[in-house]
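Chains, contacts and geometry: an overview
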Amino acid sequence: MYSSRELNLLTRRQAPLLPLALAMLFSFCALKGFPFLEEGKVYFEILAVFFAALFIQIRTAPKGPQKRFLPAILFLLLTALSAAYFCQRTSSNPYPDWAPREAKLKLDILSASENAKGTSYGIARVMEAPKYFSKVEGKKVWFFLNNTSDLFKGQQAGANFIVRQNKNESGFERYLDAQDINFIVSSGHDISVGKAPPPYSFFKAGKKFVSDRLSVLPENCDKNSAGARAYRAMILGDKALLSKDSQSDFSKTGTMHIFAVSGLHVGMLAFVVFLLLNFLRTPKRLQPFLCLPIVYLYVNICQAKPSAMRAFLMIAFVWISVALLRKPKPFAGLVAAFIFTLILNPHTIFDAGFELSYMIVCAILLYAVDLNDELNDAIERRAGFSLKNPPFYRRALDKIRRYIVAALSISFAATLASAPLTAAYFNYVAPLGMLFSLAYVFLATLVVALAALAILLPDFILQYTNLVASKIMQFMIRGAEFGADLNCTLDFSISKSALFASVCINIFALLYFTKVKGRAKWLVFPGASAFGLTGAYLAGQI
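Below you will find a few notes about this structure.

Parameters and conventions
- Residues numbered from 1 in each chain as written.
- Predicted model: local features only at pLDDT ≥ 70, side-chain atom pairs only at ≥ 80, totals over all residues.
- Heavy atoms only, no water.
- Helix = DSSP H or I, 4+ residues; strand = E, 2+ residues; numbered from the N terminus.
- Rg over C-alpha atoms; globule rule 2.2 N^0.38 Å.
- Buried < 20%, exposed > 50% of the residue type's maximum accessible area, 1.4 Å probe, protein only.
- Lys, Arg positive; Asp, Glu negative; His and termini not counted.
- Charge placed at Lys NZ, Arg CZ, Asp CG, Glu CD.
- Contact = heavy atoms within 4.5 Å.
- Phe/Tyr/Trp six-rings, centres within 6.5 Å; stacked < 30°, edge-to-face > 60°.
- Lys NZ or Arg CZ within 6 Å of the ring centre and 35° of its normal.
- Core = buried A, V, L, I, M, F, W, Y, C linked by side-chain atoms within 4.5 Å.
- Salt bridge = Lys/Arg side-chain N within 4 Å of Asp/Glu carboxyl O.
- Pairing = 2+ DSSP bridges.

**So, the overall build of the chain**
Of the regular secondary structure elements, the chain holds 18 helices and seven strands. Scaling as 2.2 N^0.38, a compact globule of 542 residues should have a C-alpha radius of gyration of about 24 Å, and the chain matches this with 25 Å. Overall size of the chain, expressed as C-alpha extent along the three principal axes, is 80 × 80 × 55 Å. Taken across its 542 residues, the chain has 46% of its residues classed as buried. Separation between the mean location of the 57 positive side-chain charges and that of the 34 negative ones in the chain comes to 10 Å.

Set out below in structure tokens:
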């Protein structure tokens, strides 16, 4: 028999769709370097049919020892189906011998950012192309558009572009290749940008509204100061608002993640709307259906980045489960969000932001939450007793202690989970990340909470809450500068294949470390992370 705590632990780790998620992970990553994807699709479809037939035959057969092979056969079936789907959604370069030349293109913007020089860049889909380049219609390209500002998803841009092939030589070009992007286009002249159609025009107007609300400051304050720009960068997920030096400083201290719109931002907005709905005495079952459209609007204002969509889907899953009187399972929600995102775009799995977001949250849900419970229990056992009605100062100290333990547990798990990813994509590991995150996540929570109130506060109050948030961001910028000057980052680089092996080791450790008896189980994930990272590094030195 299980104790209530063990039963709760088993329940919150359940995810019925986990086999499909693992099958997609393994097949997509294994096939990325496969040179004949279009031909391979047929073979994987044949394999899928074979495993489906085998599964049905064993499943419907009388009871026997062969039944033990059902889970393995099901996993092989899901892997074959996932591989066939990846092949179907991946295209080869239609012009492998393309030489740089000019072509008049019409692009549909899928994502856009802007640098300090006013150049917009991002991913777009080719809508129209000349006959000699017609095979790229419907495919994605990376674009650079000079002298354009405020470009948003859904807008269409036309120009005479200089088109060059992605040669897959630099780190940036390899990233584009992972996103199934074969061409890079730069605007030359005759640029025309159309208006964003609905609903993107509504999202763009929403972004301007939020930006304007965050820019309300007292008259003697500069809305373009470093702190004010960092404030808007955090809330809108627009890192281009940060200076190059600030981006470098936050990266070196392992705190750049606070500028990615994620669970912190989406969760705080949902919490504020939840309080408002409770104040208005809205029925519990209606609250998700009133709150989620507002949260979805915010996610699209931030151009639906992978971390933001992951947070939204998880919150939607949990909140609707509560509304339907079902016990929420955040890990099951995470797995469902992972699968849903990859069905929409299989190549998202090779995006650094996507990988960091899901891997860190996976480590938090499967390791940090349990570690936090274990540490709090150990502290309480060491105390020996607790008062029934403790005085106020004891309750306050207990809450502070619980916050510190939770923050340390989360920062520790996030550091272990992100280390191989930062080594592969950014060529460094930031050991200070855990300590800086402890303070910065708390400060970022205050900033996001102040921003969430911007939808409710009148201007004469809002200007001062924005000022406080800007000052906090200015303090964080200076702290990041100090941390970067300590030069505690480790130059550490691993290959993408080594990254895949390291991530697989970490996932296996997270899923099965609870099988180890005693306190040694808490060393399984740190040990696996260190082993995978060290092995990956040494393999690269051979």
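**Points about the side chain of Thr422**
Relative to the assigned elements, Thr422 resides in helix 14 (residues 392-426). Discounting chain neighbours no more than four positions away, the residues touching Thr422 are Asn427, Tyr428 and Val429.

**Quick look at the side chain of Thr341**
With respect to the helices, strands and loops of the structure, Thr341 is situated in helix 12 (residues 330-344). Using a relative accessible area of 14% as the deciding quantity, one classes Thr341 as buried. Residue contacts for Thr341: discarding those within four places in its chain leaves Leu313, Thr348, Phe354 and Tyr358.

**Some thoughts on the environment of Gly194**
Along the chain, the position of Gly194 falls in the loop between strand 5 (183-193) and helix 6 (200-214). Once the C-alpha coordinates of Gly194 and Gln156 are considered, the two residues, 38 residues apart in sequence, prove to be 5.3 Å apart. Every residue in contact with Gly194, bar those within four places of it in the chain, is listed here: Gln155 and Gln156.

**Observations regarding the packing of aromatic side chains**
For the structure on display, the rule yields 32 aromatic pairs. Judged by centre distance (6.2 Å) and plane angle (75°), the rings of Tyr200 and Phe203 are edge-to-face. You can see Tyr200 and its partner Phe203 sitting in helix 6, three residues apart, about one turn around the helix. Accessibility expressed as a relative area gives 8% for Phe203, which makes it buried. Relative to Tyr440, the ring of Phe250 has its centre 6.3 Å away and its plane inclined at 65°; by these criteria the two rings are edge-to-face. Remark: Tyr440 occurs in helix 15 (residues 433-452) and Phe250 occurs in helix 8 (residues 244-252); sequence separation between them is 190 residues. Each of the two residues, Phe250 as well as Tyr440, counts as buried. The ring of Tyr425 is capped by Lys496, whose NZ or CZ atom sits 5.0 Å from the centre of that ring.

**Describing the nonpolar core**
Core analysis: the largest hydrophobic core is formed by 115 residues, its most contacted members being Met234, Ile235, Phe259, Phe331, Phe338 and Ile494. For this core, the leading source of residues is helix 13 (residues 352-383), giving 13 residues. In this structure Phe259 touches Ala230, Ala233, Met234, Gly237, Lys239, Leu242, Phe250 and Met473, once residues within four positions along its chain are discounted. Ranked by size, the runner-up nonpolar core spans 22 residues in total, among them Leu107, Val126, Val163 and Phe183.

**Observations regarding the pattern of salt bridges**
In a structure, side chains of opposite charge can pair up when their charged atoms sit close to one another. Scanning all chains against the criterion turns up six salt bridges. For Glu173, the salt bridge goes to Arg164, with nearest N and O atoms at 3.1 Å. Sharing partners across several salt bridges, the network here consists of Glu380, Asp398, Arg401 and Arg402.

**Focus on the pairing of strand 1 (residues 101-114)**
Pairing of strand 1 with strand 4 (residues 156-165), which is carried by eight bridges, proceeds in the antiparallel orientation. Looking at the pairing, Glu102 lines up with Ile162 of strand 4. Where strand 1 meets strand 2 (residues 120-128), eight bridges bridge the pair, whose relative direction is antiparallel. Counted as the bridge partner of Lys106 is Glu128 from strand 2.

Note that all results are geometric; they support no functional claim without further evidence.
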